[in-house]
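# Analysis of the macromolecular model
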Amino acid sequence: SMSADRRAVQEKQLLSRADDKQQRLLLPRRTHDTGNVSQSRSEKNLQAAICLLLVELCERFTFFGIVCNMILFCTVKLGYRNYQAAMVNMCFVGTSMLTPVLVGWLAECLVGRIKLVCVCLFLHFLGTVLLPVVAFPFEDIYIDRRHILHTLTKKEQKIVFYFALLTASLGIGGIRAIVCPLSAYNLEDCGLKELLSFFNWFYWLVNLNSAVVFVSISYIQQSVARNLGFLIPFVSVLMAMITIHMVRGEMIYKPKTESSLLTTFGVIASALKTCCVRYRCLSGGVTNWLDHAKENYGGRYSETQVESTKSLARLFPLFAFQILYRTCIMQIPSGYYLQTMNSNLNFSGFVLPIAAMNVISIVPLLILVPILECVNSCLFSSKGSRHSPTIYIVVGQLSAALSVMVAGFSEMHRKRFPQVEQTLSKEVLLVSSMPCFHLAPQYILLGVAEALVTPSCSLLSFRLVPERIRGISLHFLTLFNGAGCFIGAFIVQTVHSGTRGNWFPHLLHEGKLERFFFFLASLMMANTLGLWTIAHRYNDVNQEYTKEFRGSLPEEKPLQHEKAIKFYDSVLDRSPILSPMETT
């Protein structure tokens, strides 16, 4: 029996040694497999990031290629008055800002994301192809060195032109909402300093992209202007090919569907309906009028949904003060464009493209962002500092008001110069002999305003709401910015009608365009003062708002665990394309 026991012990030892040897053999294989998975995932993320940046570059080229030439095309080719051309341009930009929200909602609720992005690519291509049909930007079609004149009447040209703008704006909205959403970046676990740094550098990259586009458009207009109309649809095709590659490679980011715009609007509508029926808003133990939408008070929405909407509604005053600010920013492609077009663009025989002036408004932003990063690092590193981005927004809006005021004085200065003849789009125009670079200060001030306002507003709209509705909050900020474009068009129409064209004239040297700028500057100053009075409501951004909110609502506690479970389903099912550090 002793020999049997000894034999059994020896067998156990042999088995244990064999198991140890097998585990040692398997461990490197598992480590190697894990390394391969992480390496392939990082390679796929890098490829998706490069494709995303290329798509955004192509989309901005087509967008700014349309915006930079619209006023000149409308006034010279379609015979529009200046105010009409400015309104068309503002409405196109506003529509292009609102369509991402609409397309995002359609992708969530009605149509699949892949089908919808294919439809939007087709609409974008259709819109850009129709533009050369109406000789946009400002050249007729050339085939084999033969000049083919257009046979379309003015009415037909306008119909095709507006249809092209509508389809192009819908396509732009789909690309921005599905292919290039801001939610594709990993911002959920970032602190205040990291978020502010991300938004600063994100908009820095966006404006660097825009600067490259404006320089390219300026060069094309100066050297091979007639080819720009055909280059826009070519870039649209290139963008479609890159996007199709992203679709086939499963690189289209799929956002979370925890909340939607319909839910937010439903909570607001339900609360308003209950208030109107009961003829009271703050009675019956209700501390906030939105509480009427809760199930406990006769509504049909949960505690989580209503509390999320309440935190979002707290940002509405801040968003409302961005409307007039966006109207001022829209002066670059409208009022400032008209001033530049009616100034001297000739420099020793070289005609400066009007699009080149837009670069002047981007340069301050490219310079200021690194400086702001250093300032933010110093402020956040000092203990006990209560740093709030609201001061940036107030100063930025003040800079925008000063820019419009300077534009008024520049207009008075421009009209003191004698008039000279200048050829634009084969049309001889009487313009001021003042060099267009005299208008640079107003462009620079608006560039400073953008560097201060846009990143800070995005930070507040992202930071001050629960994690589950951060995408909705950014959608609402976009809605208010788009409304600012349409309000700008409404102000131009109202001022033109009220002054019988004197404050927004067709011939600038015969009217008083400076009065329009002074009027807009006074509105913007009042807007800035109003924002300053409520800025203290958004100072406390250092608290961990999301954690506090989740702690009070048990329904949101499993979200982190659920996210951890679904992280490895696919690269783009829940995980973002780029982290903030990779982006920077």
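Our structure's up above, just so we're on the same page.
In short, a report on the structure. (Residues numbered from 1 in each chain as written. Predicted model: local features only at pLDDT ≥ 70, side-chain atom pairs only at ≥ 80, totals over all residues. Heavy atoms only, no water.)

Attention now moves to the overall build of the protein. Helices and strands together make up the secondary structure of the protein, namely 18 helices and 6 strands. In the protein, which comprises 584 residues, the proportion classed as buried is 53%. Sequence separation of at least 24 residues holds for 79% of the intrachain contacts in the protein that already meet a minimum separation of 6. Summing over all exposed atoms, the protein offers an accessible surface of approximately 27200 Å²; the carbon and sulfur share of this is 63%. (Helix = DSSP H or I, 4+ residues; strand = E, 2+ residues; numbered from the N terminus. Buried < 20%, exposed > 50% of the residue type's maximum accessible area, 1.4 Å probe, protein only. Contact = heavy atoms within 4.5 Å. Areas by Shrake-Rupley, 256 points an atom, 1.4 Å probe, with all protein chains shown as cover.)

Ranked by internal contacts, the top residues of the largest apolar core, which has 122 residues, are M70, C74, F92, F161, Y336, F504 and F516. Top element by residues in this core is helix α1 (residues 2–76). It accounts for 16 residues. Both of domain 1 (42–137 + 151–248) and domain 3 (313–547) provide at least three residues apiece to this core. Excluding anything up to four places from it in sequence, Y336 contacts Q331, S403, V404, A407, Q442, Y443, L446 and F517. (Core = buried A, V, L, I, M, F, W, Y, C linked by side-chain atoms within 4.5 Å. Domains from an automatic or database assignment.)

Take helix α2 (residues 82–109) next. For α2, which comprises 28 residues, the first-to-last C-alpha distance of 41 Å matches the rise-based estimate of 40 Å (1.5 Å per residue) to within 8%. Remark: the principal bend of α2, roughly 25°, maps to L98, with a proline, P100, within the next four residues. (Expected span 1.5 Å × (residues − 1). Bend = angle between axes of the 7 residues up to and from the residue.)

Attention shifts here to the packing of helix α12 (residues 390–414) against helix α15 (residues 513–534). Running from N to C, α12 and α15 point in directions that differ by 165°, and their axes come no closer than 8 Å. Judged by the angle between their axes, α12 and α15 are roughly antiparallel. Remark: the crossing between α12 and α15 carries left-handed chirality. Among the residues making up the contact of α12 with α15, the classes are represented as 19 nonpolar, 4 polar and 2 charged. (Axes fitted to C-alpha atoms, helices over the stretch in contact; angles between N-to-C directions. Parallel < 35°, antiparallel > 145°, perpendicular 65-115°, else oblique. Left-handed = near helix turned anticlockwise from the far one by under 90°. Nonpolar A, V, L, I, M, F, W, Y, C, P; charged D, E, K, R; others polar.)

Examined against the element boundaries, E59 turns out to sit in helix α1. Among all residues touching E59, those that are not within four sequence positions of it are I172, I175, R176 and M239.

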